[in-house]
Amino acid sequence: MKLVVLLLLSGFLAIDGRFTHLRGRNPAKPPGSLIVGGEDAAPGQFPWIGALQYDGFGQFCGGSVISDHWFLTAAHCPEGLSATYMSIRVGSRYHDTGGQEYRLIRYIMHPEYYVASMYDFDVAVCEIQGIIGGPNIRPVPLASVEPLPPQRLFVAGWGALEWQGPGPHILQFVRVPVVDRQVCADGGYYEYIRDNMFCAGEYGRDSCQGDSGGPLTDTNNIQVGIVSWGNGCAWDGWPGVNTNIAYPGVRDFIRNHTGV
């Protein structure tokens with residue numbers, strides 16, 4: 001569920017998702033979003049990725065396994081929902097079958113998460129019942145250094161294949177370029193781009209609704225970001241905006257609550 005927020009000509013923002021919608025949330029059900037311009041992932045290609053599910057609705061966001069007890073996602077994904085009705089599916093290319101399923105014990109949102117400032121500190125950790133493990137399941141290491149242009153990153157998920165379009169059954173992935181923070185801000189996001197975020201994406205290649213909470217990883221299979229929000233999906237001049245895991249306030253939050 002990549003957040004999208006509609007930028008009005010008057011200069012005001014109406015939060016409805018990713019600048020036109022959060023990369024995710026639908027008012028009628030829990031959040032969700034898709035990969036644009038990608039391809040099917042191979043079995044076991046992203047052994048840390050998982051589908052965040054809500055009872056009765058299925059997958060609505062993505063996330064990543066960071067230890068045998070903890071799952072990482074975006075704060076806007078579980079916000080306002082009960083952990084009692086949530087689970088994760090890991091170890092499968094499919095969001096609704098295969099792999100292993102685990103229930104949530106609780107989730108913890110970053111204390112500085114703030115919607116009004118356009119999803120500042122959009123990060124949450126989920127404590128999982130039991131021990132996460134099995135075929136095609138492996139925790140992902142977390143970054144200590146933020147990605148910089150012209151680096152390209154992998155982003156994967158079960159989100160929409162185009163803006164407000166349908167989602168795939170098989171996990172999708174695409175490589176997207178990191179966009180300079182100032183260039184991203186000057187392009188239209190302005191002061192909403194903070195140091196705890198980074199931009200990545202290009203025309204035709206991006207994350208989308210339903211991909212929110214999912215991991216962005218580098219070529220060394222280290223997670224550097226979390227899908228958060230943006231204007232549309234894969235629109236020219238509007239890259240996706242992601243939580244910057246290496247930012248001290250984000251990295252310390254994860255470490256202090258999970259030990260990872």
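Procedures and definitions
Residues numbered from 1 in each chain as written. Predicted model: local features only at pLDDT ≥ 70, side-chain atom pairs only at ≥ 80, totals over all residues. Heavy atoms only, no water. Disulfide = S-S within 2.5 Å. Helix = DSSP H or I, 4+ residues; strand = E, 2+ residues; numbered from the N terminus. Buried < 20%, exposed > 50% of the residue type's maximum accessible area, 1.4 Å probe, protein only. Core = buried A, V, L, I, M, F, W, Y, C linked by side-chain atoms within 4.5 Å. Contact = heavy atoms within 4.5 Å.

Colleague: Break down the state of the cysteines for me, citing the residues and quoting the values.
Modeller: When the sulfur atoms of two cysteines share a covalent bond, that bond is a disulfide. Applying the stated criterion across every chain, the model contains three disulfides. Paired through a disulfide, cysteine 61 and cysteine 77 show a sulfur-sulfur distance of 2.2 Å. Disulfide cysteine 61 to cysteine 77: torsion about the S-S bond roughly -85°, handedness left-handed. Taken together, the residues cysteine 61 in strand S6 (residues 58–65) and cysteine 77 in the loop between strand S7 (70–73) and strand S8 (86–90) connect sequence positions 16 residues apart. The pair formed by cysteine 61 and cysteine 77 is uniform in burial state, with each residue classed as buried. Each sulfur of the disulfide joining cysteine 208 and cysteine 233 lies 2.1 Å from the other. When the S-S torsion is 85°, as for the bridge of cysteine 208 with cysteine 233, the disulfide is right-handed.

Colleague: Which residues make up the nonpolar core, and what values go with them?
Modeller: Generally speaking, soluble globular proteins have nonpolar side chains that are buried together. If you look at the biggest cluster of nonpolar residues, it comprises 43 residues, and the most contacted ones within it are Phe46, Leu72, Ile88 and Ile254. For this core, the elements supplying multiple residues, two or more each, are strand S5 (49–54), S6, S7, S8, strand S9 (100–109), strand S10 (124–128), strand S11 (152–157) and helix H2 (248–258). If one sorts the elements of this core by residue count, S5 sits on top with four residues. Residue contacts for phenylalanine 46: discarding those within four places in its chain leaves Ala41, Phe154, Ala156, Leu171, Phe173 and Thr217. Ile193, Cys199, Trp229 and Trp238 belong to the second-largest nonpolar core, a separate cluster that totals 15 residues.

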